[in-house]
Amino acid sequence: MKFEIITLFPEMFSAIKNEGIVARAIKKSIISISEWQLRDFSSNKYKNIDDKPYGGGGGMVMQVKPIRDCIVKIKEQTPETKVIYLSPQGQALNQSLVEKLSSFDSLTLLCGRYEGVDERIIENDIDYEVSIGDYVISGGELAAMVLIDSVSRRLPNVLGNEDSLKDSFTDNLLDHPHYTRPETIDGQSVPSVLLSGNQAKIDAWRHEQSNKKTKQKRPDLLIK
Ligand code: 4HQ
């Protein structure tokens, strides 16, 4: 999977490129992450890529031309790439969308700043508009990193020992609780079934716990 990032802050992506599972996926050549500095596509000497909104009001809007030129350049190299704009107006990122996105060979992630991009980009240049949740963050970069992380860990051979098939959401349920040594601490004990050695019984208990936790904490997940 190739990730092409269109951003004003390419350095932010060092957060995932240098540490953890995404870093490991890069080292194994399962994914690549390339940043495209949007200012390089500006047509003026100040490298502006934004302007005032028609209709007035505060803030600035990212202009069509630099973004469109950048996407054209990326598509010269990777014509099949799917272009994603991160925004609160997008479809919610959930595990089923993560699975779908992980089936593509290339994703281009457009990271907005300020008030976002000119609407004509969304109408004409975007394949998917995706939101990481109903709250406002200061730019699309953090949202893009969430998407990259969640998609990367679903690709073959990215996870090693970690048992991703049993994580939350894979069967629309929350994960079961986890315990490690010691057996007792400050009067709190590990549920005895986990020490029983009876794997069938343990699996049944974990499944029951998943159902219980989901009902208690996220009943909305069970409705669908
Ligand atoms: N923003 N999910 C506004 C988000 C966001 C979200 C990114 C803020 C885009 C222009 N992105 N910029 N929530 O809040 O993806």
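Everything below is about the structure printed above this text.
Cut-offs used in this document
- Residues numbered from 1 in each chain as written.
- Predicted model: local features only at pLDDT ≥ 70, side-chain atom pairs only at ≥ 80, totals over all residues.
- Heavy atoms only, no water.
- Helix = DSSP H or I, 4+ residues; strand = E, 2+ residues; numbered from the N terminus.
- Rg over C-alpha atoms; globule rule 2.2 N^0.38 Å.
- Buried < 20%, exposed > 50% of the residue type's maximum accessible area, 1.4 Å probe, protein only.
- Contact = heavy atoms within 4.5 Å.
- Areas by Shrake-Rupley, 256 points an atom, 1.4 Å probe, with all protein chains shown as cover.
- Lys, Arg positive; Asp, Glu negative; His and termini not counted.
- Charge placed at Lys NZ, Arg CZ, Asp CG, Glu CD.
- Pairing = 2+ DSSP bridges.
- Axes fitted to C-alpha atoms, helices over the stretch in contact; angles between N-to-C directions.

1. Side note on the overall build of the protein chain
- Helix and strand counts for the protein chain come out as eight helices and nine strands.
- Against the compact-globule benchmark of 17 Å for 224 residues, the protein chain has a radius of gyration of 22 Å, which places it well outside the compact range.
- Taken along the three principal axes of its C-alpha coordinates, the protein chain extends 70 × 40 × 35 Å.
- Here the protein chain holds 224 residues, and the buried ones make up 41% of them.
- For the protein chain, long-range pairs separated by at least 24 residues make up 75% of all intrachain contacts whose partners lie at least 6 apart in sequence.
- Just so you have it, the protein chain exposes about 13300 Å², and 49% of that area is on carbon and sulfur atoms.
- Each charge class in the protein chain was averaged separately, 29 positive and 32 negative side chains, and the resulting centres sit 2 Å apart.

2. Looking at the side chain of E141
- Structurally, E141 can be placed in helix 6 (residues 140-152).
- Residue class for E141 comes out buried when judged on its relative accessible area of 0%.
- When neighbours within four sequence positions are excluded, E141 is seen to be in contact with T7, L8, F9, M12, F13, C111, G112 and R113.

3. Focus: unusual backbone geometry
- Here the residue pair R181 and P182 is connected by a cis peptide bond, since its omega of 5° sits within 30 degrees of zero.
- By the secondary structure assignment, P182 is in the loop between helix 6 and strand 8 (184-185).
- Of note in this structure, S29 is not a glycine but carries a positive phi near 60°.
- Mapped onto the fold, S29 is located in the loop between helix 2 (20-27) and strand 2 (32-37).

4. What to know about the sheet that holds strand 7 (residues 128-131)
- Here we have five strands laid out as an open sheet, ordered 2-1-6-5-7, and parallel in their pairing. Edge positions in the sheet fall to strand 2 and strand 7, since each has one partner strand and no second. Across the sheet, the axes of successive neighbouring strands diverge by a mean angle of 35°, strand direction being ignored.
- Pairing of strand 5 (residues 82-92) with strand 6 (residues 106-110), which is carried by four bridges, proceeds in the parallel orientation. Across the sheet, residue K82 finds its bridge partner in strand 6, namely L107.
- Docked against the sheet, helix 3 (residues 64-77) engages strand 1 (2-7), strand 2, strand 5 and strand 6, running at close to 160° with respect to strand 1.

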